[in-house]
Structures are given as structure tokens and as C-alpha cells.
Amino acid sequence: MPDLSPWRSSRDFRLLWGQGLITYFGSVMALIALPLQIKELTGSPLAVGAMGAVELVPLVVFGLYGGALADAVDRRKVIALTEAGLGLLAVVLLVNAMLPQPLLWPLYVVAGCVAGLAGLQRPALDSLLVRIVPHDQLAAAAALNALRWQAGAILGPAAAGLVVAYGGNVPAYGTTVVCFVVSVAMCLRLAPAPPAENAGRPSLRGIAEGAAYAWSRPVLLGTYAVDLAAMFFAFPNTIFPFLAHELDAEWSLGLMYAAGSVGSLLVSLTSGWVSRTRRHGLLVVFGAAVWGLAIAAAGWTGNVWLVLVCLGVAGAGDMLSGLGRSTIWNQTIPEELRGRLAGIEVLSYSVGPQLGQVRAGAMAGWTGVRPAIWTGGLACVASVGLLAVALPRLLTYDARTDEDAVRRAAGSAPAQA
């Protein structure tokens, strides 16, 4: 069973956990409706995949800046303000959907703005965890956070599939707006999280310092590279509407988006063992390989039920890899660099899916939907294997002996009650 220690020890962790669940539910509701609306307006896989290209630049720029910002200002303010901005963008989607003839270009504009605000917010969110949870509970907190995300990712797509199918885009976007209103109210209840006394202003030099630190740590480089490769080659979510149509199973669209989260949820619900694990690098590599193999199988089979099972297995593998990555990050990165390294982390787990959307959409238009999926899964497995050989320190990482992990454990401060 999951280790519930972080819930018991930290009020702010409980607030962030609840806020994140509500936000994710609303976000996934829009995440399903948005590509489906583009498909309805254009009928083009490439037009849907282009969302990834639109989101890429804002995510890179604001993700890096957001990391520097998280080290320089109160992280609570960053989280609350960006959450409010995301809520306003949901209002734009809602208004556009209510027009007699919804426009296409606002969908891309909103997608780019959402990526920018998410890039600003995620470093502050991720770097706040090490302040509010004791060091020896970081792995358990990562598992509980994963449980939260997966619960939202299951409930959101399942509900969105029904809402969009029977009510259209307006109620889907309306639900997103309501969720963000509640989320902002919860963010304002968080305790202040001011920067360190010697923190400087956000600058290119500060960002470069964070990048230099990451480059000097082969274990960190391995976590970033494996995740980027896995998501670039094997993230076909953007073409799920076309896969459901090809399998003559439009009813399964919401289930396709939720299936991976079901697999991840099963791992999270049985994650008590994570607190006793010390070889987190092995989790990163093994989980990414399972993800790629399962995605390849999902693209190869023509049975919709087998597709859903394969997507569930892929989600379980992604969850294992994600637990390993987040634990290594929290165990090894010093507090004074936590925000800037969190900005790099945002790029590693966000840029990959954005590029993966473009790859999947372009490949689907060229080779067909299913070949675009299974070839990407096989390419993922091959690239993960090559990275494991090239970066052996990732495979040998041990929290008990790694110098950065030992140093971080010795200098960790107690969490807020």
C-alpha cells in the first residue's frame, strides 16, 4: 500500500495534493476537447499534431525562465498567479466554443499560452515539494503525487469522453473553468515560500549555472535523455481520435486517453515498496523500455480491447520510470538550484511529448495511424537501450552511496508541519 507519511506530516502537501487533483481533472477535460475540436474543424492529423509545435517554443522559453523565477521569488505567488492565468485561458476556450462558428486560430493561441504559463508554474510547484516534505519521505511523496495525477487522468478522460460526446465542447470547457476557480482558492491558502536570502534576480547567467550543474551530473543527464527519447518516439496521444476512428470504435476515445493512467494508478496504489528502493536509475530505464514495447504492441494490434490493455501496460511502465526520475531529482539537487533544475525537468518531461505530437501527426499522415504508433514504440526501446549503454552511471545509481544524494540528505531541512 502507498506510504501516507507526507499526508500526515505536511498541511501544505495535503493542500497541493487536493489542488493538483482538481486542476488536473479540469485540464484533462480541456485536453480531450481541444484536439477533438481541431479534428472536427479540419479533419487533418497534421493540424492536430501541429499543437505540439505551437506549444514547444513557449514551453522551452518560459520553462527555463520559470526555473530561475522559482529560485528568486515566493513560489506560492508564482503558482497562484499562473493558475489564475490558466483559468482565464479556459474562459477563452469556452467563449470560442459558444460561437455559432468556432474559430480555429484561437485554439492554437490558447495552446501556446497554456504551454507558456505551465512552463512558468511547474518549476515552482516541483521545487516546493522539497520544502514541505521531509527528505526521507520524498519517494513516498512522489508516489502520492503520481497517484493524484493518475486519478485525475482516469476520471478526466472518462468524464470528458462522455461530456464531449453528449454535450459538446461548451460543458467540457465550462468544467475546466470551474476547476481552476477552486484551484486558485486552494493555492492562496498555501504558506509563503520565499526565496533564499542570497537569491539573485532571474537571469540568463542563473539559468546557465543550472544547466552547467545538470550537464556535470551524468545521472541527471540520463534521466532527462531517457524521458525525452521515450516521449519523442512513443507519445501517440494526439492521434488517438484517428486511431479510434480507424478501429471503428469512436466510443473508445476517452478510454484510450484513460488507459495509460489506469496502469499508472495500479503502480501507485501498490507503491509502498518505493520507499525502500535505492536503485532508482534502474527504474528509469526499465520503465521507459516497458513503455516503448507496450506502445509498439498497441499500434500493431487491430483489436481495440488489446489496444486498451497495451496502453494500460505502457502507463505502468511510464509510472515506474517517472517515480525513478522524480526521486533522483529530489534526492540529489541542492536547494539553491532546485528551481532552475526544475525548469530543466519541465523541458525533459514536457518538450518530449510536444515533439512527440508533431512526430506522430506527421508520421500518421505519411504512413498511416497504426504504423506511426508501432514504429515509434520500437524506436523508443532502441534509443533507451543506447542511452543506458552510453550513460552507465544512471544504471548504477544508488541513493545510499551517491555523493549528491548523501550530501542532500545530510543538509535537508525539516518540513513545515
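Residues numbered from 1 in each chain as written. Predicted model: local features only at pLDDT ≥ 70, side-chain atom pairs only at ≥ 80, totals over all residues. Heavy atoms only, no water.

(A) Looking closely at the overall build of the protein chain. Across its full length, the protein chain carries 17 helices and zero strands. For a compact globule of 417 residues, the expected C-alpha radius of gyration is about 22 Å, and the protein chain comes in at 20 Å, within 12% of that figure. Principal-axis analysis of the C-alpha atoms places the extent of the protein chain at approximately 55 × 45 × 40 Å. Looking at the protein chain as a whole, 58% of its 417 residues are labelled buried. Of the contacts made within the protein chain by residues no fewer than 6 positions apart, 88% connect residues no fewer than 24 positions apart. Accessible surface, the protein chain as shown: approximately 16,800 Å² in total, 70% of it carbon and sulfur. (Helix = DSSP H or I, 4+ residues; strand = E, 2+ residues; numbered from the N terminus. Rg over C-alpha atoms; globule rule 2.2 N^0.38 Å. Buried < 20%, exposed > 50% of the residue type's maximum accessible area, 1.4 Å probe, protein only. Contact = heavy atoms within 4.5 Å. Areas by Shrake-Rupley, 256 points an atom, 1.4 Å probe, with all protein chains shown as cover.)

(B) Broad picture of the pattern of salt bridges. Under the definition given, this model contains four salt bridges. For arginine 325, the salt bridge goes to aspartate 227, with nearest N and O atoms at 3.4 Å. On the criterion of sequence distance, the pair formed by arginine 325 in helix 13 (residues 304-332) and aspartate 227 in helix 9 (residues 218-233) is long-range, its members being 98 residues apart. Relative accessible area serves as the criterion here: at 3%, aspartate 227 is assigned to the buried category. (Salt bridge = Lys/Arg side-chain N within 4 Å of Asp/Glu carboxyl O.)

(C) Broad picture of empty space enclosed by the protein. If you walk through the whole model with that rule in mind, you get two cavities of 30 Å³ or more. The space that makes up the second largest cavity amounts to roughly 40 Å³. Elements that contribute at least two residues to the lining of the second largest cavity include exactly helix 9, helix 12 (280-300) and helix 13. With four residues, helix 9 is the single largest residue contributor to the lining of the second largest cavity. The class makeup of the residues in the lining of the second largest cavity is five nonpolar, one polar and three charged. (1 Å grid on protein atoms, 1.4 Å probe; cavity = no way out; pocket = protein on both sides within 12 Å on 5 of 7 lines; lining within 4 Å. Points joined across faces, edges and corners; volume = space filled by probe spheres on them. Nonpolar A, V, L, I, M, F, W, Y, C, P; charged D, E, K, R; others polar.)

(D) Structural detail: the environment of glycine 119. Mapped onto the fold, glycine 119 is located in helix 5 (residues 105-132). Considering only alpha carbons, one finds glycine 119 and alanine 316, 197 residues apart in sequence, at a separation of 25 Å. Not counting chain neighbours up to four residues away, the residues in contact with glycine 119 comprise Leu59, Phe62, Gly63, Gly66 and Val346.

(E) Spotlight on the packing of aromatic side chains. Across all of its chains, the model carries five aromatic pairs by this definition. Ring centres 5.0 Å apart and planes at 80° place the aromatic pair tryptophan 7 and tryptophan 17 in the edge-to-face group. Placement of tryptophan 7 in helix 1 (residues 5-9) and of tryptophan 17 in helix 2 (residues 11-42) is noted, with a sequence separation of ten residues between them. Given a relative accessible area of 24%, tryptophan 7 falls into the partly exposed group. Taking the centre distance of 5.3 Å and the plane angle of 80° together, the rings of tryptophan 300 and tryptophan 374 count as edge-to-face. Here the residue tryptophan 300 occupies a position in helix 12, and tryptophan 374 occupies one in helix 15 (residues 369-390), the gap between them amounting to 74 residues. The exposed category is assigned to tryptophan 300, whose relative accessible area is 60%. Taking the relative accessible area as the measure of exposure, tryptophan 374 reaches 27% and is therefore partly exposed. Sitting above the plane of the phenylalanine 242 ring, lysine 39 keeps its charged end 5.8 Å from the centroid. (Phe/Tyr/Trp six-rings, centres within 6.5 Å; stacked < 30°, edge-to-face > 60°. Lys NZ or Arg CZ within 6 Å of the ring centre and 35° of its normal.)

(F) Helix 14 (residues 338-367), seen in detail. The end-to-end C-alpha separation of helix 14 is 42 Å, in line with the 44 Å expected for 30 residues at 1.5 Å each. In helix 14, a bend of some 30° at serine 350 exceeds every other bend along the element, and proline 353, a proline, comes one to four places later. A large share of helix 14 lies buried, amounting to 24 of its 30 residues. Backbone geometry just after helix 14 places glycine 368 at a positive phi near 110°. (Expected span 1.5 Å × (residues − 1). Bend = angle between axes of the 7 residues up to and from the residue.)

(G) Local environment of the nonpolar core. Counting residues in hydrophobic clusters, the biggest one holds 113 residues, and the most contacted among them are Met256, Trp291 and Leu341. Top element by residues in this core is helix 5. It accounts for 13 residues. Counting eleven residues, the second-largest nonpolar core is a separate cluster that includes Ala143, Ala146, Leu283 and Met319. (Core = buried A, V, L, I, M, F, W, Y, C linked by side-chain atoms within 4.5 Å.)

(H) Summary view of the confidence of the model for the protein chain. Put simply, the protein chain has an average pLDDT of 84, and 95% of its residues get 70 or more. Across the protein chain, helix 4 (residues 75-97) holds the top mean pLDDT of 94, while helix 17 (residues 403-411) sits lowest at 70. When the criterion is pLDDT under 50, residues 413-417 qualifies, and its contacts beyond four places in sequence or with other chains add up to 15 contacts. (pLDDT = per-residue confidence, 0-100.)

(I) Up close: a nonpolar patch on the surface. A contiguous nonpolar surface patch, about 380 Å² in accessible area, is contributed by Leu99, Leu103, Trp105 and Val109. Mapping leucine 99 onto the fold places it in the loop between helix 4 and helix 5. (Patch = residues over 30% accessible without salt bridge, like charges linked within 9 Å, V, L, I, M, F, W, Y side chains within 5 Å.)

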